[in-house]
Amino acid sequence: SKPALERVSNAGLEQGDFQVKSYSDLKTKLRLPKGGLSLSGFTIVELIVVVVIIGILAAIAIPQYNLTMERARQAEAKGVLGAMRGAQQRYQQEYESYTSDITALDVDLPSYGGSNQGRYFSYGVSSIAAALANATRKSGAAGAQNPFYGPYTMIIAENGNITITAASGFDSPP
């Protein structure tokens, strides 16, 4: 059997076209760079650096994504609270008091899995001017998981101010 170097160097060539006896002879014939044959690829250090960079970017992006999603969910609740406030004010004009019965209001509320239940918030009203309507963030229903902020409450007052009260043991919502 021929040596491996000779078999490789003679592959696909006709007899007598190209005879290589040594590695230095092969370098000369193929005009290889002075460093010799090089294997291209990534070292383990380069791969680790890339993984660390991706991890750092993910550590920054994931919390920001959760914050943005929570703000979007709050925007829905703020719209519903504004509609409930308007309905409370219309009720007060007609009956000279606010109602604590949500069904007495002339407003369509989201109904996702039950009455007065939005996908992410459940809604209620009170007859107190400082808290005309409220939205409580759900935390355990399917599709409504909220591991960061818990079941906080948003309350809208007669003047339109919205107050957010966090549940104990959870971060303050945005």
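Quick caveat, the model's predicted, so the values are computed rather than measured.

(A) Spatial organisation of the overall build of the protein. For the protein, the count of helices and strands is three helices and four strands. From first element to last, N terminus to C terminus, the protein shows the α and β order α-α-α-β-β-β-β. If you take every contact in the protein between residues at least 6 apart in sequence, the share linking residues at least 24 apart comes to 38%. Roughly 11400 Å² of accessible area belongs to the protein as shown, and the carbon and sulfur atoms make up 57% of that amount.

(B) Region of interest: the sheet that holds strand 3 (residues 153-156). Pairing is antiparallel across the open sheet formed by four strands, whose spatial order is 1-2-3-4. Across the chains shown, the open sheet's two edge strands, defined by having one partner strand only, are strand 1 (121-125) and strand 4 (162-165). Here the strands of the sheet are splayed against their neighbours by 20 degrees on average, with no regard to which way each runs. Note that strand 2 (residues 133-137) and strand 3 share four bridges and pair antiparallel. In the strand pairing of strand 3, Asn 134 is matched with Ile 155. Of the strands in this sheet, strand 1, strand 2, strand 3 and strand 4 are in contact with helix 3 (residues 44-95), which crosses strand 1 at around 20 degrees.

(C) Inspection of helix 3 at higher detail. Over its 52 residues, helix 3 runs 76 Å from end to end, which matches the ideal 76 Å to within 8%, given 1.5 Å per residue. For helix 3, the secondary structure elements touched by its buried residues are strand 1, strand 2, strand 3 and strand 4. Glu 96 lies just past helix 3 and shows a positive phi near 60 degrees.

(D) Region of the structure containing the confidence of the model for the protein. Taken over all residues, the pLDDT of the protein has a mean of 79, while the share at 70 or more is 71%. When mean pLDDT is compared element by element in the protein, helix 3 scores highest at 92, while helix 1 (residues 4-9) scores lowest at 49.

(E) Quick peek at the pairing of strand 1. For strand 1, a buried count of five out of five residues is recorded, marking the element as mostly surrounded by other parts of the structure. Of the two faces of strand 1, the one carrying Phe 121, Tyr 123 and Val 125 and the one carrying Ser 122 and Gly 124 are both buried. Here strand 1 pairs with strand 2 via five bridges, running antiparallel. Bridge pairing in strand 2 places Phe 121 opposite Arg 137.

(F) Region of interest: the side chain of Arg 73. Counting through the fold element by element, Arg 73 comes out in helix 3. Buried Arg 73, no salt bridge; nearest opposite-charge side chain is Glu 70, N-O distance 4.0 Å.

Criteria and thresholds
- Residues numbered from 1 in each chain as written.
- Predicted model: local features only at pLDDT ≥ 70, side-chain atom pairs only at ≥ 80, totals over all residues.
- Heavy atoms only, no water.
- Helix = DSSP H or I, 4+ residues; strand = E, 2+ residues; numbered from the N terminus.
- Contact = heavy atoms within 4.5 Å.
- Areas by Shrake-Rupley, 256 points an atom, 1.4 Å probe, with all protein chains shown as cover.
- Pairing = 2+ DSSP bridges.
- Axes fitted to C-alpha atoms, helices over the stretch in contact; angles between N-to-C directions.
- Expected span 1.5 Å × (residues − 1).
- pLDDT = per-residue confidence, 0-100.
- Buried < 20%, exposed > 50% of the residue type's maximum accessible area, 1.4 Å probe, protein only.
- Lys, Arg positive; Asp, Glu negative; His and termini not counted.
- Salt bridge = Lys/Arg side-chain N within 4 Å of Asp/Glu carboxyl O.

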